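Observations on chain architecture
Chain residues, written in single-letter form:
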Amino acid sequence: MANRNNPTSQDKRNGSKGNSYFTITTFLLISLFLFSIFFFNRRSLEPSLSLYRNLLFSAGGGLDPKPPDEDSERANLPPPADPGASSGVGAETETPSEDNRSSITGNESGLSSPLFDVPGDSGMDSKIVDEVAERLKGCDFYMGKWVRDEEYPIYKAGSCPYVDEAFDCQNNGRPDSEYLKWRWKPDGCDLPRFNATDFLVRLRGKRLMLVGDSMNRNQFESILCLLREGLPDKSRMFETHGYRITKGRGYFMFKFADYNCTVEFVRSHFLVREGIRINGQGNSNPTLSIDRIDKTANKWKRADILVFNTGHWWTHGKTARGKNYYKEGNYIYPKFDSVEAYRRALTTWAKWIKDNIKPSRQLVFYRGYSSAHFRGGDWDSGGTCNGEREPILNGTFLDNYPQKMQIVEDVIRETRVPVVLLNVTRLTNFRKDGHPSIYGKNVTERRKVSRRKQDCSHWCLPGVPDAWNELIYAQLVLQNGLSTRYS
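Figured I'd write up the structure that's included with this text. Residues take numbers from 1 onward in each chain, read along the sequence in its written order. Selection of residues for local features in this predicted model requires a pLDDT of at least 70, selection of side-chain atom pairs for listing and counting requires 80 or more, and totals for whole chains, interfaces and linings are taken over all residues. The basis for the side-chain values is all heavy atoms of the structure; hydrogens and waters are excluded.

Here's the deal with helix H8 (residues 338–356)
Counted only if it meets this: Helical segments are the DSSP runs of H or I of at least four residues, strand segments are the runs of E of at least two, and each set is numbered from the N terminus. Helices are assigned an expected span. That span is 1.5 Å times one less than the residue count. For each residue, the accessible area found with a 1.4 Å probe, counting protein chains only, is set against the maximum for its type, and the residue is called buried under 20%, exposed over 50%, and partly exposed in between. What qualifies as a polar contact is a pair of N or O atoms within 3.5 Å, subject to a donor-acceptor requirement within protein and to the restriction that residues adjacent in sequence count only when both atoms come from side chains.
The end-to-end C-alpha distance of H8 is 27 Å, a good match for the 27 Å that 19 residues give at a rise of 1.5 Å each. Residues of H8 that are buried include every one of Ser338, Ala341, Tyr342, Ala345, Leu346, Thr348, Trp349, Ala350, Trp352, Ile353 and Asn356, and no others. N-cap assignment for H8: the residue whose side-chain oxygen lies 3.3 Å from the backbone N of Val339 is Asp337.

Things to note about the environment of Lys156
With respect to the helices and strands, the residue Lys156 is situated in the loop between strand S1 (144–148) and strand S2 (182–186). The spacing of Lys156 and Glu229 is 73 residues in sequence and 9.7 Å in space, taken between C-alpha atoms.

Regarding the packing of H8 against helix H9 (residues 403–415)
Heads up, the condition is: Axis definition: a line fitted to C-alpha atoms, limited for helices to the stretch in contact. Angles are taken between N-to-C directions and run from 0 to 180 degrees. Note: crossing handedness is left-handed where the near helix turns anticlockwise from the far helix by less than a right angle, and right-handed where it turns clockwise. A contact between two residues is defined here by any heavy atoms of the two lying within 4.5 Å. Side-chain classes follow a simple rule in which Ala, Val, Leu, Ile, Met, Phe, Trp, Tyr, Cys and Pro form the nonpolar group, Asp, Glu, Lys and Arg form the charged group, and the remainder, Gly included, forms the polar group.
One can describe the packing of H8 onto H9 by two numbers: an axis separation of 10 Å at closest approach and a directional angle of 35°. Regarding H8 and H9, the two cross each other, and that crossing is right-handed. Touching Val339, Tyr342, Arg343, Leu346, Thr347, Ala350 and Lys354 of H8 are Gln403, Lys404, Ile407, Val408, Asp410, Val411 and Thr415, all from H9. A breakdown of the residues in the contact of H8 with H9 according to their chemical character gives 7 nonpolar, 3 polar and 4 charged.

Here's the deal with the packing of helix H4 (residues 196–203) against helix H5 (residues 214–228)
Selection rule: Note that the term roughly parallel is reserved for angles under 35 degrees, roughly antiparallel for angles over 145, roughly perpendicular for angles of 65 to 115, and oblique for everything else.
Axis separation between H4 and H5 bottoms out at 8 Å; the angle between their running directions is 105°. By the angle between their directions, the pair H4 and H5 is classed as roughly perpendicular. Taken together, the residues of H5 that come into contact with H4 (itself represented by Ala196, Phe199 and Leu200) are Ile223, Leu226 and Leu227.

Observations concerning the sheet that holds strand S3 (residues 207–212)
Put simply, the rule reads: Only when DSSP finds a minimum of two bridges between them are two strands counted as paired.
Strand order in the open sheet formed by 7 strands is S4-S5-S6-S3-S9-S12-S13, and the pairing between neighbours is mixed. Of all the strands in the sheet, just strand S4 (237–239) and strand S13 (420–422) have a single pairing partner and so form its edges. Shown here is a sheet whose adjacent strand axes are inclined to one another by a mean of 20°, direction ignored. Where S3 lies against strand S6 (residues 261–267), 6 bridges are found, and the strand directions are parallel. Its bridge partner lying in S6, Met209 is registered against Glu264. The sheet contacts of H5 involve S3, S4, strand S5 (251–256), S6, strand S9 (305–308) and strand S12 (363–367), and relative to S6 the element is tilted by about 165°.

Considerations on the side chain of Asn172
Following the sequence through the fold, Asn172 ends up in the loop between S1 and S2. The class for Asn172 is buried, based on a relative accessible area of 2%. Within polar-contact distance, the side chain of Asn172 engages the backbone oxygen of Glu165 at 2.6 Å.

Structural notes on a positive patch on the surface
Put simply, the test is: Here a patch means residues that are over 30% exposed by relative accessible area and free of salt bridges, tied together within 9 Å if like-charged and within 5 Å if nonpolar (Val, Leu, Ile, Met, Phe, Trp, Tyr). Using a 1.4 Å probe, the Shrake-Rupley method yields the accessible areas, and only the shown protein chains count as cover for residues. A pairing counts as a salt bridge when a side-chain nitrogen of Lys or Arg comes within 4 Å of a carboxyl oxygen of Asp or Glu. Charge convention: Lys and Arg are scored as positive, Asp and Glu as negative, and His as well as the terminal groups of each chain are ignored. Each charge is placed at NZ for Lys, CZ for Arg, CG for Asp and CD for Glu.
A contiguous patch of positive charge on the surface is contributed by Lys318, Arg321, Lys323 and Lys335. By secondary structure assignment, the location of Lys335 is in the loop between strand S11 (331–332) and H8.

Thoughts on the pattern of salt bridges
As enumerated under the stated definition, the model contains 18 salt bridges in all. With a closest N to O distance of 3.0 Å, Arg344 and Glu340 form a salt bridge. In this pair, Arg344 and Glu340 both sit in helix H8, 4 residues apart, roughly one turn of the helix. Of the residues examined, Arg344 reaches a relative accessible area of 29% and is grouped as partly exposed. For Glu340, a relative accessible area of 28% puts it in the partly exposed group. The partner of Glu388 in a salt bridge is Lys432, with the nearest N and O atoms 2.6 Å apart. Of the two residues, Glu388 is situated in the loop between S12 and H9 and Lys432 in the loop between helix H10 (425–429) and helix H11 (464–486); the sequence distance between them amounts to 44 residues. Via salt bridges that share partners, Glu328, Glu340, Arg343 and Arg344 belong to a single interconnected network.

Structural data, given as structure tokens:
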């Protein structure tokens, strides 16, 4: 009789099988445990894009996810990007070629650079980003209307310390506030609700630079105020040299420490070279070299995203008259047509973009002409806009399209430069109510303010320039979705 205490071969096989089941079960449990740790790490607990999708097209508030850890963002800004250009925009949905990247619409992005993709740690699902971008694709951002929105403005009037006196209409004593309650609504889509934190995540480690005249400084102050809303600790945003924003200074750099990025302004009235000449009497007179790029261009090369403009200074007396002012090479024209000078200057700028900017490394916007609304004169001849309380709702003025904008379109198309045109002209045509008028100076302290010289060119902040920056944000959202498809 076999000894019952000695296992048979069958028993051994059964025991071995049981041990295998135990080993497999243990392995699965350990694997599940490790996967859970990985899945529920700190990044994954940040707000997901399901919330982003629900809020993105609403008129209400946006996300407010936490900024990245301070310790992980202590490094200095990366070295300047190689001279490279913005990627262009195309109306086609297939992969854009080098020959069809330029565009004048800016609303059907063919931008293919992965440089501006939402980083993987943003908590955003790429499929949902694509879905959001799909809703924007094919939409003309610039044909639409202003709609009342009680959720506006995005930042409270008087709350932003970066609005200089000239644009601080509410603090300067403007009594009405209904002009703050308008949102730009394209006919074919809703723009994404501006989300400061998402914008900063996209901008992490990069440099955004606005280059142009005081209208671009108007927009620069707007973007600072919009992005400031995404910072729980406002002290983490600062001007790197400690400068206050004033119209007398031509360069500002604001750093967002938690995102290791900067937003900068470079003054360049014409985008081409200003100079002086000495006449026969020994007096100095200004000149404008329409064939030479502006001397600030070395700064432009260092930016990852550029926003250019020029226009309003071309209507000033000496520029409009064109006598002994415009210069090509060493020759000063005794008389030269200002419209042709504008075309040649923009062509000089476009050639610089083409030679110095690579679409795979940088993104370039050109912000179009912003409409003025003077009654009974111009900026220097008694024109007024005081008392305007609501937008223009209809009429022929809404269809005004200045010759300058047609020239911009022609130059971008003919030179085939990779530039996104922010064509804001029509949306500004509506807003006769949005200018500082007499409230470009503080009148609350019984200071006497002249009503003869009013500002009907620039814009109150909060106000119309916020919409221009919402359009930039929409373009980045659109680009991100398409870039995952093209890459």
